[in-house]
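Listed here are the chains, written in short residue letters.
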Amino acid sequence: MHCAALLGRSSSLIRGSAVRTRTSSLRLTIRGDKDEHAILCSEDKTYDLKIADTSNLLLFIPGCETPDQFPREQSAPSLVHAQVWGFSNNYWELRRQHPRLKKLKKLLMEKPYAGLLAGVEEGSDGNTPRYTMEDLLDRIQASEKEIVSQLQNIHACEIEAGYWRILDFDYEMKLLGHVAQLVDSESWSFSKVPLTVSLQELGPLEPKEMIEHCLNCYGRRYTDEDGEVYFALDEDKVCRAMAQMLLQNAVRFNLAEFLEVWQQSVPEGMTTRLDQLRSVALVDRSSRPETISLLRVEDLPGDTLERFSCLFSMREKWTEEDIVPYIQDLCGEKQTTGALLTKYARSSMQNGRKVYNSRRPVAT
């Protein structure tokens, strides 16, 4: 028999790795639309929710205290009469899981932000989808911290008094192109791009807020000894973005030609490398000539079985080097990509290299 505390304290009705504290300040939220399996969120983590049975009777007692809440120095034992409000033979079992964030980008992509003029035009009708943080918390099955982190990852920004918008990719590349051209024309080091001068030079072309947002997305802000704000552009982020721009309209790109054009597209001083495109583009070494194509992990199914089925429908056999970037995000706590490959793929040797193919028949 267990006592379940009421009045805001954690209880025996919720078990698992989620609830370690018994303070009333712990805030737990159940999220999910009618067609979604409910999940539980703390302020920074997401958990799967399942009902489990127990042979122990759980009693609901208001104000119940657990042994760790008793004072260290106690007087003689005393008998306390408590009122039982109810009982239960089951509890919620929690398991840590990945936040379900694909819906976040899908919602924001209903109307991506494409610049000031486009913004004026879209504001003329009342049908433009707009989402505040509260709206996103109601719709997305993830904790607030995980949602905020993902908003940063997809380069979303707050526009129009608290509404979150994702930038249209072409518009984002236009902003980045302005910054790259300015860096080259001024012969600046890409590790020291002055904010004030950048806003002055590019302000007539685009809103200053968007220029600064672009610098925040592709660089690290810092202040020098004189108090001037600078940005150090992230070489990998800039090179990856330029590669996506080149690949987005091509089914396949001759690898040798792509590498040459790609290097020419980035600011002087930056060096492009294929390892910058992990989980973004896939190289086909078996074709002649060798080719490269856009394949972003964010566009693949979130379900593990569906992900492997999708990958093996694209390519019958994968090397570990090629497939790991596309399954790494599926790993749970204490789970490795090797364990996933063992469960969902079969290994063999081909030309002296280990390759993986599907354990299940793949629909073509």
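Residues numbered from 1 in each chain as written. Predicted model: local features only at pLDDT ≥ 70, side-chain atom pairs only at ≥ 80, totals over all residues. Heavy atoms only, no water.

### Remarks on the overall build of the protein
Heads up, the rule is: Helix and strand definitions follow DSSP, with helices as H or I runs of at least four residues and strands as E runs of at least two, each counted in order from the N terminus. Relative accessibility thresholds used throughout: buried, under 20% of the residue-type maximum; exposed, over 50%; partly exposed, between the two (1.4 Å probe, protein chains only). Note on contacts: a residue pair qualifies if any of its non-hydrogen atoms lie within 4.5 Å across the two residues.
The helix and strand tally for the protein stands at 12 helices and 17 strands. Residues classed as buried in the protein amount to 40% of the 364 residues present. Long-range pairs, those at least 24 residues apart, make up 62% of the contacts in the protein between residues at least 6 apart in sequence.

### Details of the sheet that holds strand β16 (residues 345-350)
For clarity, the threshold we go by: Following DSSP output, two strands are said to pair if at least two bridges run between them. To get an axis, a line is fitted to the C-alpha atoms, and for a helix only the part in contact is used. The angle between two axes follows their N-to-C directions and goes from 0 to 180 degrees.
With antiparallel pairing, the three strands of this open sheet are ordered in space as β15-β17-β16. Both outer strands of the open sheet, β15 (318-319) and β16, are each paired with one neighbouring strand and no more. Here β15 runs beside strand β17 (residues 353-358); their pairing, made up of two bridges, is antiparallel. Note on β17: the bridge partner recorded for Thr 319 is Val 355. Along the sheet, helix α10 (residues 304-314) contacts β15, β16 and β17; its crossing angle with β17, the most-contacted strand, is approximately 115°. Helix-sheet contacts for helix α12 (residues 337-344) involve β16 and β17, and the interaxial angle to β16 is about 95°.

### Things to note about the packing of helix α6 (residues 195-202) against helix α7 (residues 208-218)
Let me state the cut-off plainly: Should an angle fall under 35 degrees it is called roughly parallel, over 145 degrees roughly antiparallel, and 65 to 115 degrees roughly perpendicular, with every other angle called oblique. By definition, any crossing whose near helix is turned counterclockwise from its far helix by less than a right angle is left-handed, and any crossing with a clockwise turn is right-handed. Residue polarity is assigned by list, with Asp, Glu, Lys and Arg as charged and Ala, Val, Leu, Ile, Met, Phe, Trp, Tyr, Cys and Pro as nonpolar; anything else, Gly included, falls into the polar class.
Packing of α6 against α7 brings their axes to within 9 Å, and their N-to-C directions diverge by 135°. Taken as axis vectors, α6 and α7 run oblique relative to one another. Of the two elements, α6 crosses α7, and the hand of that crossing is right-handed. Residues Leu 195, Ser 198, Leu 199 and Leu 202 of α6 form the contact with α7, whose participating residues are Lys 208, Ile 211, Glu 212 and Leu 215. Classifying every residue of the contact of α6 with α7 gives five nonpolar, one polar and two charged.

### A word on the nonpolar core
Threshold: Among the buried residues, those of types Ala, Val, Leu, Ile, Met, Phe, Trp, Tyr and Cys that are joined through side-chain atoms within 4.5 Å form a nonpolar core.
Counting 42 residues, the largest nonpolar core has Leu 233 and Ile 292 as the members making the most contacts within it. At the level of secondary structure, the elements contributing two or more residues to this core comprise β7 (157-159), α5 (169-185), α6, α7, β11 (229-233), α8 (235-247), α9 (255-265) and β13 (281-284). When neighbours within four sequence positions are excluded, Leu 233 is seen to be in contact with Val 179, Val 183, Phe 190, Ser 191, Val 193, Leu 215, Tyr 218, Gly 219, Val 238 and Met 270. Formed by 18 residues, the second largest nonpolar core is a distinct cluster that contains Phe 308, Ile 323, Tyr 344 and Tyr 356.

### Considerations on the side chain of His 178
The topology assignment puts His 178 in helix α5. Residue contacts for His 178: discarding those within four places in its chain leaves Leu 202, Leu 205 and Glu 206.

### Structural notes on the confidence of the model for the protein
Applicable threshold: The predictor's confidence in any single residue is recorded as pLDDT, a number from 0 to 100.
Taken as a whole, the protein shows an average pLDDT of 86; of its residues, 89% reach a score of 70 or greater. Overall, residues 1-23 carries pLDDT values under 50, and its contacts beyond four positions in sequence, including any with other chains, amount to 68 contacts.

### A few points about the side chain of Asp 284
We count it as follows: Each polar contact in these results corresponds to two N or O atoms within 3.5 Å; when the atoms are within protein, one needs to be able to donate a hydrogen and the other to accept it, and residues that are neighboring in sequence are counted only if both atoms are side-chain atoms.
For Asp 284, the position within the fold is in strand β13. Side-chain polar atoms of Asp 284 contact the side chain of Ser 286, separated by 2.6 Å. Apart from the residues lying within four places of it in its own chain, the contact partners of Asp 284 are Arg 252, Glu 290, Thr 291 and Arg 315.

### A short note on unusual backbone geometry
A cis amide bond links Arg 288 with the next residue in sequence, Pro 289, at an omega value of 0°. Unusually for a residue other than glycine, His 155 sits at a positive phi of about 60°. Residue placement: His 155 occurs in the loop between α4 (144-153) and β7. The buried category is assigned to His 155, whose relative accessible area is 14%.

### Some thoughts on the pattern of salt bridges
Inclusion rule: The rule for a salt bridge is simple: a side-chain nitrogen of Lys or Arg has to be within 4 Å of a carboxyl oxygen of Asp or Glu.
According to the stated counting rule, one finds 17 salt bridges in the structure shown. Here Glu 235 and Arg 273 are joined by a salt bridge, their closest N and O atoms 3.5 Å apart. Of this pair, Glu 235 sits in helix α8 while Arg 273 is found in the loop between α9 and β13, placing the two residues 38 residues apart along the sequence. Relative accessible area serves as the criterion here: at 30%, Arg 273 is assigned to the partly exposed category. Between Asp 299 and Arg 296 there is a salt bridge whose closest N-O contact spans 2.9 Å. Under the relative-accessibility criterion, Arg 296 is labelled partly exposed at 23%. Residues joined in a network through salt bridges with shared partners are Asp 33, Glu 36, Lys 103 and Arg 139.

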